[in-house]
Amino acid sequence: MYGACGFCQNSFRCRTNTTPLNYTEPSGYFVRIKSLNKTFTPELSPEVLQRLRVYAAPFQDELRHEAQRSWSGVYLRGLLQDGERKSIEAMVGRVPLPSELRDIKEPDQALQQFVNQSPWDDQKLLKRYRTVMAQSFASPQGIYVFDDTGFPKQGKHSVGVQRQYCGPLGKKANCQVAVTVHYVSPEGHFPAALRLFLPDSWTSSPERLKAVGVPEEYRQAKAKGAIALELLDQVRCEKLLPGDLVLTDAGYGVSQAFRHGLEERQLFYIAGVTPEMVVFTAEPRWDWPEGPSTRGRPRTRPRLAEGNPRPVSLKSLSESLPRSKVTWREGTKGKLSGHFTWVRVWPGQDWAQGACAGAAPIWLLIEERADGKIQYAFSNLPADTSRIKAVRLWKSRWPVEQGYQQMKEELGLDHFEGRSWRGFHHHACLVMLAYGFLALEQLRRKEAPVQPGKKREAEPRITLPAIRRALQDLLRPMAKPDCTYCNPHRHVFDRTPHFLTE
């Protein structure tokens, strides 16, 4: 939208600032943003744009052509800028194009081609992204958090879409689901890897897979837990993000094969499970098969010894166990606490077939939430692990839900409108890159030295959405570069849009 410039009144030559903020005040080299609401927005120097260029520069090598580099800058800026939708057409309408792209007659189609058909490798770009993020976030205390995130859809042609459980809606619906790995450390957190889950209705149809361009190596039917383990192996093999603990919800934790997969990788876990699962409260006794039998077929599986109590459900067990109040951290509105049980049990899954015979004891964590709901988790943490430590580790999952909510609300992770496998993963890759920059800026603000005469606790907590809000005035030029009246103020108002090649 163009109109009269607020500084030179040069009609239809200068871009008007349509930000919903009530007032913007340039103050030297800082931009101070004021609003009628009470949401805190920090001050950012224009130097943040140089940091954005430095952040984006390492990704250039993975984009082979100049046009790819140019369009990636447009897309990244579109994700970071304000806008109700982060779809391609909407972003092209908002983002000023760099000089080398201004002569393109149909920029929306060109950007569409960059995301959906251009053959740049998102996996190589994400490896470079993890390399960049590891420099600030890698820690021996790092934690891998598995989750999946849903994308509601209307049609049936988008890759992986079908009626299945959709987390954002809290029910079964027509949607896509992606398996994710998030990395959490004392320094912060960020999404590390993501892959779309393909239901049986897709993996059983080679025609559908071919139509949306699913690569051969991803066409086999795989459970979400198997995909999560593959993503974990991919991240760990790079040796960039250390850690030996995995956290996940019941969607993954109920799978015994998944938990065994973590144990085979010599990893600890705290994995959510459902109340219907069963355990033994004392070490069970088993009758093991003996030598060849002279009567009938020989027994090959162990069976529960006669007189040994059968396992009980977690729901039934929780009703007889006491819980203690545990405070795991200080929140913005006070201490965060709940009531927990931390007890040793023996796995009882598939006990009738003897599948759990000889299994070592594990921990059972029971959490009673403030709303009365009860959650359960299994853990193979060491036998001397304290309850408070287990609870604090378990609660490290919260950044994942927050992070993916922010990627959707702030950066448009769920706004992609294409149908192809490549397009979906290209979009998700660029959203993760945009999130990574905001996470680094948030960490930078936390680590900034306290200004003389100010107390650190006097400044509100810097959130990722607040960092993105503070970027808006710097990313949106209030005047076009060719405005002769406003050129003297370019050091304040002219924001170069092309991050990757400058």
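Residues numbered from 1 in each chain as written. Predicted model: local features only at pLDDT ≥ 70, side-chain atom pairs only at ≥ 80, totals over all residues. Heavy atoms only, no water.

**Structural notes on the packing of helix H1 (residues 47-56) against helix H14 (residues 421-447)**
And step 1. The contact between H1 and H14 brings their axes to 11 Å, and the two run at 130 degrees. As summarised for this structure, H1 and H14 are arranged oblique, according to the angle between their axes. In the crossing of H1 with H14, the sense of the turn from one axis to the other is right-handed. On H14, the residues touching Val48, Arg51, Leu52 and Tyr55 of H1 are Met432, Leu433, Gly436, Phe437, Leu440, Glu441 and Arg444.
And step 2. A breakdown of the residues in the contact of H1 with H14 according to their chemical character gives seven nonpolar, one polar and three charged. (Axes fitted to C-alpha atoms, helices over the stretch in contact; angles between N-to-C directions. Helix = DSSP H or I, 4+ residues; strand = E, 2+ residues; numbered from the N terminus. Parallel < 35°, antiparallel > 145°, perpendicular 65-115°, else oblique. Left-handed = near helix turned anticlockwise from the far one by under 90°. Contact = heavy atoms within 4.5 Å. Nonpolar A, V, L, I, M, F, W, Y, C, P; charged D, E, K, R; others polar.)

**A few points about the pairing of strand E8 (residues 188-196)**
For a regular strand, the rule is simple: side chains alternate between the two faces of the sheet.
And step 1. Within E8, nine of the nine residues are buried, which leaves it mostly tucked inside the rest of the structure.
And step 2. Two strands pair when backbone bridges link them, and strand E7 (residues 171-185) and E8 are joined in this way by eight bridges, in the antiparallel orientation. Bridge pairing in E8 links Val181 to Ala193.
And step 3. In this structure, the hairpin formed by E7 and E8 is closed by a connection of two residues. (Buried < 20%, exposed > 50% of the residue type's maximum accessible area, 1.4 Å probe, protein only. Pairing = 2+ DSSP bridges.)

**Digging into unusual backbone geometry**
And step 1. With phi around 55 degrees, Lys239 is a residue other than glycine that occupies positive phi space.
And step 2. Looking at the secondary structure, you find Lys239 in the loop between helix H8 (224-237) and strand E9 (245-248).
And step 3. If you check the backbone angles, Asp350 has positive phi at about 60 degrees while not being a glycine.
And step 4. Here Asp350 shows up in the loop between strand E16 (334-347) and strand E17 (362-368).

**Looking at the side chain of Gln68**
And step 1. Mapped onto the elements, Gln68 comes out in helix H2 (residues 66-80).
And step 2. On the accessibility criterion, Gln68 (5% relative accessible area) is buried.
And step 3. Dropping the residues within four chain positions of it, Gln68 is found in contact with Leu63, Phe114, Ser118, Pro119 and Trp120.

**A closer look at the packing of H14 against helix H15 (residues 464-475)**
When two helices pack together, you describe them by how their axes are tilted relative to each other and by the distance separating the axes.
And step 1. Close contact between H14 and H15 brings their axes to 9 Å; oriented N to C, the two are set at 100 degrees. Between H14 and H15, the interaxial angle falls into the category roughly perpendicular. Across the interface between the two elements, Tyr435, Phe437, Leu438, Ala439, Glu441, Gln442 and Arg445 from H14 touch Leu464, Ile467, Arg468 and Leu471 from H15.
And step 2. When the residues that make up the contact of H14 with H15 are grouped by side-chain class, the tally is seven nonpolar, one polar and three charged.

**Considerations on the environment of Gly358**
And step 1. Examined against the element boundaries, Gly358 turns out to sit in the loop between E16 and E17.
And step 2. Judged by relative accessible area, Gly358 falls into the exposed class, the value being 62%.
And step 3. With 56 residues separating them along the chain, Gly358 and Pro302 place their C-alpha atoms 9.4 Å apart.
And step 4. Those residues in contact with Gly358, other than ones at most four positions away along the chain, are Trp286 and Trp288.

**Digging into helix H4 (residues 107-116)**
And step 1. Among the residues of H4, those classed as buried are Pro107, Ala110, Leu111, Phe114, Val115 and Asn116.
And step 2. Buried residues belonging to H4 abut H2, helix H3 (88-94) and H14.

**Observations concerning the side chain of Lys408**
And step 1. Turning to its location among the elements, Lys408 is positioned in helix H13 (residues 398-411).
And step 2. Within the structure, Lys408 has its side chain in polar contact with the side chain of Thr149 (distance 2.7 Å).
And step 3. With residues near it in sequence (within four places) discarded, Lys408 still touches Thr149, Gly150, Phe151, Pro168, Leu413, Asp414 and His415. (Polar contact = N/O pair within 3.5 Å; in protein donor to acceptor, adjacent residues only side chain to side chain.)

**Description of the pattern of salt bridges**
And step 1. Under the criterion given, the structure shown has 15 salt bridges.
And step 2. Taking the shortest distance from any N to any O, the salt bridge between Asp82 and Arg468 comes out at 2.9 Å. Here Arg468 lies in helix H15 and Asp82 lies in the loop between H2 and H3, a separation of 386 residues in the sequence.
And step 3. Overall, the relative accessible area of 22% leaves Asp82 in the partly exposed class.
And step 4. The class for Arg468 is buried, based on a relative accessible area of 7%. (Salt bridge = Lys/Arg side-chain N within 4 Å of Asp/Glu carboxyl O.)

**Some remarks on the confidence of the model for the protein**
And step 1. Averaged over every residue, the pLDDT of the protein is 85; the share at 70 or more is 83%.
And step 2. Mean pLDDT across the elements of the protein bottoms out in strand E3 (residues 23-27) (28) and peaks in strand E10 (residues 268-273) (98).
And step 3. This model gives residues 1-38 a pLDDT under 50, and the stretch forms 85 contacts once residues within four places in sequence are excluded.
And step 4. When the criterion is pLDDT under 50, residues 485-497 qualifies, and its contacts beyond four places in sequence or with other chains add up to 30 contacts. (pLDDT = per-residue confidence, 0-100.)

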